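# Reading the structure
Listed below are the residues making up each chain.
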Amino acid sequence: MPQFAATIKHIKEGVKGFTISAAVKNIEGWEETLGKMEVTGAKTMVRDLERLKKLLQAEEIDGEAVKTVVAKLGKETVTMAGRSEGAKAEKIRELGEALNNAAA
């Protein structure tokens, strides 16, 4: 399972500190985790992560498209946090907020 702390750290450090291969590996971990979840919105997030992965692996990266997908993922993640409870909810919310800030 992907680590919240590692993902949040890389997002907060900015894209320059996160290689494409590291980002793709992280995305794939989240796709696997979310793909197993029976939570409203998880399947949409998997599709959005797949889109993000394709954008990052393109020969020429479309920064605006990446920003749009990251912003959508941030919103979806914060929404998912609202459906969760306890410490896990806080980590999910923190991840969503980091994604929102990265897209801003």
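Everything in this summary refers to the structure shown in the same document. Because the structure is a prediction, the values reported are computed rather than measured. (Residues numbered from 1 in each chain as written. Predicted model: local features only at pLDDT ≥ 70, side-chain atom pairs only at ≥ 80, totals over all residues. Heavy atoms only, no water.)

## Quick look at the pattern of salt bridges
Tallied over the full model, the rule gives 9 salt bridges. A salt bridge links Lys-53 to Glu-28, with the nearest nitrogen and oxygen atoms 3.5 Å apart. You can see Lys-53 sitting in helix H3 (residues 42-57) and its partner Glu-28 sitting in helix H2 (residues 20-35), a full 25 residues away along the chain. With a relative accessible area of 10%, Lys-53 lands in the buried category. Look at the salt bridges and you will find they share partners, linking Glu-28, Glu-31, Glu-50 and Lys-53 into a network. (Salt bridge = Lys/Arg side-chain N within 4 Å of Asp/Glu carboxyl O. Helix = DSSP H or I, 4+ residues; strand = E, 2+ residues; numbered from the N terminus. Buried < 20%, exposed > 50% of the residue type's maximum accessible area, 1.4 Å probe, protein only.)

## Considering a negative patch on the surface
A contiguous patch of negative charge on the surface is contributed by Glu-59, Glu-60, Asp-62 and Glu-64. In this structure, Asp-62 sits in the loop between H3 and helix H4 (63-82). The exposure class of Asp-62 is partly exposed, given its relative accessible area of 40%. (Patch = residues over 30% accessible without salt bridge, like charges linked within 9 Å, V, L, I, M, F, W, Y side chains within 5 Å. Areas by Shrake-Rupley, 256 points an atom, 1.4 Å probe, with all protein chains shown as cover. Lys, Arg positive; Asp, Glu negative; His and termini not counted. Charge placed at Lys NZ, Arg CZ, Asp CG, Glu CD.)

## A few points about the nonpolar core
By size, the foremost hydrophobic cluster in this structure holds 26 residues, and its most contacted members are Leu-52, Leu-73 and Leu-95. When residues of this core are traced back to their parent elements, those giving at least two are helix H1 (4-13), H2, H3, H4 and helix H5 (86-103). (Core = buried A, V, L, I, M, F, W, Y, C linked by side-chain atoms within 4.5 Å.)

## Observations regarding the environment of Lys-12
Mapped onto the elements, Lys-12 comes out in helix H1. Spatially, the C-alpha atom of Lys-12 lies 22 Å from that of Lys-54, the residues being 42 residues apart in sequence. Beyond its immediate sequence surroundings of up to four residues, Lys-12 is in contact with Glu-94 and Ala-98. (Contact = heavy atoms within 4.5 Å.)

## Overview of the side chain of Glu-31
Topologically, Glu-31 is positioned in helix H2. What makes Glu-31 buried here is its relative accessible area of 12%. Glu-31 has contacts with Val-46, Leu-49, Glu-50 and Lys-53, leaving out every residue within four places of it along the chain.

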